[in-house]
Amino acid sequence: MTYDRSHVVLSVRDLSVNYLARRGRVRAVSNVSFDLHAGETLALIGESGCGKSTLNLALIRQLPNTAVTEGAGILYTYRDGRQVDVLKFSDRAMRRFLWSECAMVFQGALNSLNPVLRVSDMVYDTASAHGIGRDEARRRVLKLFEQVRLDAARVFKSYPHELSGGMRQRVLLALSLLLRPQVVIMDEPTTAVDILTQRSILDVLKELRAELNFSVIFISHDLAVAAEIADTVATMYAGEIVEIGPVNDVFYKSRHAYTLSLLNAAPRLSVGREELMSIPGSPPDLIEPPPGCKFHERCAFATDVCRTVPPPLVEYEGGRLAACHETERVLENALETRKAALA
């Protein structure tokens, strides 16, 4: 599916998030900027602790009280062309914004659904908070349940514990679309389900996106899932976006050493038995990050400049951005790896 490059739904500029800890400030997200277009799926990839979930919670202002958010703005564009800064919303305006314009599907569906309420009660509560009547809410959600391949009438009357993990995840997806938002944030929505259910959820998501034309921010550790569903991929490391661009460019012609390391560490079904290449070391301390490139202590391409000078985010062909001093060496290695995989 193609997306509308002329219409930017969400524009994030220089967003930073610090957590206040006893040892000091944890720099969980540092100067992140990106644009999300109408109908686009942006995948965020990276190891645990690199800032993906914190970034997305910051977008909907659901961070804990220990977090401090700074930045030039999170600019959201309504369907009528009005533009607002989410960071400047009042609490009341933020409550109206959530679910109606931007919804989030969390990783653990059982933890996200109220265990003492039927699914119907959660539907009515959400709809009532946004001025939608019970009849309209029921009509919408039953149609959505059918679209996500659920027994709509039965699921509507069920408690969460009466549903399987895959069914709960699809209920959460349907609920996120109840108010027809422009942006849906999905935080590892397929991690806790089996491979067949994962396949079903991804197929449903692609069908719904094509029909309803909403934009998606998709967090995933699974590079195969990201490659299948995304239009654009952003690699995050130590709270920063270190590479972002079209999915094929980022995965097949990587320009950042960390992206290439993630790809080399992922098993490939097309190659047969092979030794996996793990990334040495651990992510850096975000209270006292290392000088220069934050990845240099784990990087096979690191030089003296990498250890002292932070690499700028540079634009390359096709609108791709990468922050790496050794982009040409990384690209050469990526192309060789791709050639060997196809041989």
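Preceding this section is the structure that the text describes.
Here we summarise the structure given alongside this text. (Residues numbered from 1 in each chain as written. Predicted model: local features only at pLDDT ≥ 70, side-chain atom pairs only at ≥ 80, totals over all residues. Heavy atoms only, no water.)

Topic: the pairing of strand β2 (residues 24-38)
Across 11 bridges, strand β1 (residues 4-21) lies against β2 in antiparallel orientation. For N18, the partnering residue across the bridge sits in β2 and is R27. Here β1 hands over to β2 after two residues, the two strands then running antiparallel side by side. (Pairing = 2+ DSSP bridges. Helix = DSSP H or I, 4+ residues; strand = E, 2+ residues; numbered from the N terminus.)

Some words on helix α4 (residues 119-129)
Residues V119, S120, M122, V123, Y124 and A127 constitute the buried set of α4. Taken together, the buried residues of α4 touch α5 (134-147), α6 (152-156) and α7 (165-176). Where α4 terminates, the next one or two residues include G131, which has phi positive at roughly 75 degrees. (Buried < 20%, exposed > 50% of the residue type's maximum accessible area, 1.4 Å probe, protein only. Contact = heavy atoms within 4.5 Å.)

Things to note about α5
Relative to the 20 Å expected for 14 residues at 1.5 Å per residue, α5 spans 20 Å between its end C-alpha atoms, a close match to the ideal helical length. Turning to α5, its buried residues are A137, R140, V141, L142, L144, F145 and Q147. Of the surrounding secondary structure, the elements contacted by the buried residues of α5 are α4, α6, α7 and α8 (195-212). Within two residues after α5, R149 carries a phi angle of roughly 65 degrees, on the positive side. (Expected span 1.5 Å × (residues − 1).)

Focus on the packing of aromatic side chains
The geometry of an aromatic ring pair is captured by two quantities: the separation of the ring centres and the angle between the planes. A complete count under the given rule lists seven aromatic pairs for this structure. Summarising the aromatic geometry, the rings of Y76 and Y78 are spaced 5.1 Å apart at their centres and angled 90 degrees between planes, so their arrangement reads as edge-to-face. Like Y76, the residue Y78 is buried in the burial classification. A centroid spacing of 4.9 Å and a plane angle of 85 degrees characterise the contact between Y76 and F97, whose relative ring orientation is edge-to-face. Of this pair, Y76 sits in strand β5 (residues 73-77) while F97 is found in helix α2 (residues 91-97), placing the two residues 21 residues apart along the sequence. With respect to class, Y76 is no different from F97; both count as buried. Grouping aromatic residues by their ring pairs yields a cluster made of Y76, Y78, F89 and F97. The cationic tip of R82 hangs over the ring face of Y78; the distance from NZ or CZ to the ring centre is 4.1 Å. The positively charged end of R134 is found above the aromatic ring belonging to Y124, 3.8 Å away from the centroid. (Phe/Tyr/Trp six-rings, centres within 6.5 Å; stacked < 30°, edge-to-face > 60°. Lys NZ or Arg CZ within 6 Å of the ring centre and 35° of its normal.)

Some points on the packing of α4 against α5
Where α4 contacts α5, the two axes come as close as 9 Å, and the packing angle between them is 125 degrees. Of the possible angle classes, the one that applies to α4 and α5 is oblique. The two elements α4 and α5 meet at a crossing, and its hand is right-handed. Residues V119, V123, Y124 and A127 of α4 form the contact with α5, whose participating residues are R134, A137, R138, V141 and F145. Of the residues in the contact of α4 with α5, the class split is seven nonpolar, no polar and two charged. (Axes fitted to C-alpha atoms, helices over the stretch in contact; angles between N-to-C directions. Parallel < 35°, antiparallel > 145°, perpendicular 65-115°, else oblique. Left-handed = near helix turned anticlockwise from the far one by under 90°. Nonpolar A, V, L, I, M, F, W, Y, C, P; charged D, E, K, R; others polar.)

Describing the packing of α7 against α8
Helix-helix packing: each pair is described by the crossing angle between the helix axes and the interaxial distance. Contact geometry of α7 with α8 gives a least axis separation of 10 Å together with a crossing angle of 15 degrees. Regarding the angle of α7 to α8, the classification is roughly parallel. Two packed elements cross with a definite hand, and for α7 against α8 that hand is right-handed. Residues G166, Q169, R170 and L173 of α7 lie in contact with α8, whose contacting residues are T197, S200, I201, V204, L205 and L208. Tallied by class, the residues present in the contact of α7 with α8 amount to five nonpolar, four polar and one charged.

Such coordinate-based values are descriptive only and should not be taken to indicate function.
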